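A structural walkthrough
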Amino acid sequence: MRRAREVWSWSTDPRRLGIALCIVGAALLWVRSLLAGAIGIELIGAAFWCWARAADDAPEQVMRWSWVRRPATALWLAFAIHAAFPVLAHGHGPPLPARGVLQAMHGGATVAWVALFRVIEAGAVVWAGLELLAALPMARAFSDLPGPFLGTRIWLPALLPAAGFAVLWRQSEHWIDVPFVRLTAMVLLTVTAVLAVLRAYARRSWTASLRWLVVTDCALAALLVAGNRVTPLASLLLWFAACGTHVFLLVGELRGSAPRRGVQLTRLWRAASWTALASLAWPAMIAHGVRPSRVNALIVPGIAIATAIAAWLSVARMHSAEERRKVMRPDPALTSSHAAAIAVLMLGPLALAVAWWGGFEPPWRSSLLALAPAAVGGWLAVLARQTRTRAVWERLGTQGDAPRALAQRIFELVVHVERRVLAALRQVTGGVTGAIHDLHTGDAQEYLLFLVGLGVLAMVLPLLR
């Protein structure tokens, strides 16, 4: 009886229940199955719902984080299409021809229908990943919001970009071979990387900047996956090095700024974060700069801008935390922060070695150009930290409020334009679908009866022919 009470109290505790749901959901995202991915996002959404219900402002938190179920709905749609067509279930369907949609509408070949549904499936997978990555207008600025649970609400939104990369990386075979979906995802990811790094630059708090740097890392890693120039294992290791660095620093800020305790440890983390970012941005730029095109002419400068600003932030804004204790405790020479920094410092070059072993051998000129943004950003950050050149940088305005205000206004302008366009689309679609909503009063039971009637009608009409 006592054991049953302990199990019941553990399962009803929103903190423990949410953590358990998040762990299981995040583990399912790495399974190569659309069904497992959909269930994983559902469990993460359920964890956010449990935490939101346990908050003091539960109605506001529940409404704020209700969008997390939209990516799960998109993955359910992709799974349904993948299961309905055996051609897609056993391999890749045929590409959509130029007039495939028109042929399907006029009763053309079945191949056109399969190709059309393949595009829908790829779009659903990309929709799920991009929305979790803050790459769509519906939930662009969720990293500015605290999490739904008080105990972990500061760093909790960093889990969602990681989940978005997991969806795009693990389910890459469902969308990377569809040209239209792939190009659209690349453009949106580039815009997201630039906006996220501008937002990180605009925020004064180092903790808030880290949340947006996580989004930048995941967007750059997803662009590397879309480039399809390195092996999946190499892209995963590069993402883990860059994103893991900022997540570790973000969690460390809540534990007494442990990664910034001491000058030597702070310098080690600066070197580790810069190395991980440069290791990720280098193959990402090469993957999109080999083939000149109009889309790559937009993507390569975007990656360069995001990389340069992120490198500057990672080096210039990481200051050693002041010691507030009057009596110093004897700390070990090698702490967990030292071990994590050394591991990250080695993981980036190791991932590049894995990529080289898999056939990634870019020309040396392209490599120098690809490494230039990270090198310039880190070099400028080092110059800005020196005492003899600090006055020069202050005169140029790089340390003042004007650049941060400009970056914030650019971010707010883009978000405002996206929301206006989205509102206009909602008005147009609302006028088209208004007649469908008028068929029922909105009651749940009546809506179910309406669906049952449609199902019966769909079964009877073929018999009446």
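Before any of the text, the structure's been laid out above.
Residues numbered from 1 in each chain as written. Predicted model: local features only at pLDDT ≥ 70, side-chain atom pairs only at ≥ 80, totals over all residues. Heavy atoms only, no water.

**Focus on the packing of helix α11 (residues 206-227) against helix α14 (residues 294-316)**
Remark: α11 packs on α14, axes separated minimally by 11 Å, with the N-to-C direction vectors making an angle of 145 degrees. Crossing geometry of α11 relative to α14 is assigned as left-handed. Contacts between α11 and α14 involve Trp206, Leu213, Thr216, Leu220 and Leu223 from the first element and Ile299, Ile303, Ala306, Thr307, Ala310, Leu313 and Ser314 from the second. The class makeup of the residues in the contact of α11 with α14 is nine nonpolar, three polar and no charged. (Axes fitted to C-alpha atoms, helices over the stretch in contact; angles between N-to-C directions. Helix = DSSP H or I, 4+ residues; strand = E, 2+ residues; numbered from the N terminus. Left-handed = near helix turned anticlockwise from the far one by under 90°. Contact = heavy atoms within 4.5 Å. Nonpolar A, V, L, I, M, F, W, Y, C, P; charged D, E, K, R; others polar.)

**Observations concerning the environment of threonine 192**
Examined against the element boundaries, threonine 192 turns out to sit in helix α10 (residues 179-202). Residue classification places threonine 192 among the buried positions, given a relative accessible area of 2%. Sequence separation between threonine 192 and alanine 135 is 57 residues; the distance between their C-alpha atoms is 5.3 Å. In this structure threonine 192 touches Leu133, Ala134, Ala135, Arg140, Val215 and Ala219, once residues within four positions along its chain are discounted. A polar contact of 2.7 Å, which involves the side chain of threonine 192, links it to the backbone oxygen of leucine 188. (Buried < 20%, exposed > 50% of the residue type's maximum accessible area, 1.4 Å probe, protein only. Polar contact = N/O pair within 3.5 Å; in protein donor to acceptor, adjacent residues only side chain to side chain.)

**Some points on unusual backbone geometry**
Within the chain, alanine 134 stands out as a residue other than glycine whose phi angle is a positive 60 degrees. Structurally, the position occupied by alanine 134 is in the loop between α8 (110-132) and α9 (159-170). Unlike most non-glycine residues, asparagine 228 shows phi in positive territory, near 55 degrees. When you line up the elements, asparagine 228 lands in the loop between α11 and α12 (232-253). Note on asparagine 228: relative accessible area 51%, which makes it exposed.

**Quick look at the packing of aromatic side chains**
Scanning the model with the defined rule gives 14 aromatic pairs in all. Look at phenylalanine 48 and tryptophan 65: their rings are 5.3 Å apart centre to centre, the planes differ by 50 degrees, and that puts the pair in the tilted class. Taken together, the positions of phenylalanine 48 in helix α3 (residues 34-54) and tryptophan 65 in the loop between α4 (58-64) and α5 (69-84) put the pair 17 residues apart, joining distant regions of the chain. When sorted by exposure, phenylalanine 48 lands in the same class as tryptophan 65, which is buried. (Phe/Tyr/Trp six-rings, centres within 6.5 Å; stacked < 30°, edge-to-face > 60°.)

**Considerations on the environment of leucine 422**
Structurally, leucine 422 can be placed in helix α18 (residues 401-437). Remark: the alpha-carbon pair of leucine 422 and proline 137, spanning 285 residues in sequence, is separated by 7.5 Å.

**Thoughts on the nonpolar core**
Membership of the largest hydrophobic core comes to 117 residues, with the highest contact counts inside it found for Trp67, Leu75, Leu130, Leu160, Val167, Trp175 and Trp269. In terms of residue count, the dominant contributor to this core is α11 (15 residues). Here tryptophan 67 is in contact with Glu131, Leu132, Ala139, Phe142 and Leu160, once residues within four sequence places are set aside. (Core = buried A, V, L, I, M, F, W, Y, C linked by side-chain atoms within 4.5 Å.)

**Section: the state of the cysteines**
Between two cysteines, a covalent bond joining their sulfur atoms is known as a disulfide. What the rule picks out here adds up to zero disulfides. Sulfur of cysteine 50: no disulfide; nearest cysteine sulfur belongs to cysteine 22 and is 9.7 Å away. Here cysteine 50 falls in the buried class, since its relative accessible area comes to 14%. The thiol of cysteine 243 is unpaired, and the distance to the nearest cysteine sulfur, on cysteine 218, comes to 3.8 Å. A residue is classified by how much of its surface remains accessible, and cysteine 243, at 3% relative accessible area, is buried. (Disulfide = S-S within 2.5 Å.)

**Comments concerning the pattern of salt bridges**
Using the criterion set out here, one finds six salt bridges in the structure. Where glutamate 42 meets arginine 69, a salt bridge forms, and the shortest distance between an N and an O atom there is 3.0 Å. Here arginine 69 lies in helix α5 and glutamate 42 lies in helix α3, a separation of 27 residues in the sequence. The class for arginine 69 is partly exposed, based on a relative accessible area of 43%. Glutamate 131 is the partner of arginine 70 in a salt bridge, and the nearest nitrogen-oxygen pair spans 2.5 Å. Taken together, the positions of arginine 70 in helix α5 and glutamate 131 in helix α8 put the pair 61 residues apart, joining distant regions of the chain. On the basis of relative accessible area, arginine 70 is assigned to the partly exposed category, the value being 33%. Residue classification places glutamate 131 among the buried positions, given a relative accessible area of 1%. (Salt bridge = Lys/Arg side-chain N within 4 Å of Asp/Glu carboxyl O.)

**Quick word on α3**
With 21 residues, α3 ought to run about 30 Å at 1.5 Å a step, and its terminal C-alpha atoms sit 30 Å apart, in line with that. Measuring from the backbone nitrogen of leucine 35 back to the side-chain oxygen at the start of α3 gives 3.3 Å, which picks out serine 33 as the cap. (Expected span 1.5 Å × (residues − 1).)

**Concerning α12**
For α12, with 22 residues, the first-to-last C-alpha span of 31 Å sits near the 32 Å given by 1.5 Å per residue. The largest bend along α12 reaches roughly 25 degrees and is located at glycine 244. (Bend = angle between axes of the 7 residues up to and from the residue.)

**Notes on a nonpolar patch on the surface**
Nonpolar side chains collect at one region of the surface, where Leu413, Val417, Val421 and Leu425 lie side by side and expose about 360 Å² of accessible area between them. Residue placement: leucine 413 occurs in helix α18. Classification of leucine 413 by relative accessible area gives exposed; the value is 54%. (Patch = residues over 30% accessible without salt bridge, like charges linked within 9 Å, V, L, I, M, F, W, Y side chains within 5 Å. Areas by Shrake-Rupley, 256 points an atom, 1.4 Å probe, with all protein chains shown as cover.)

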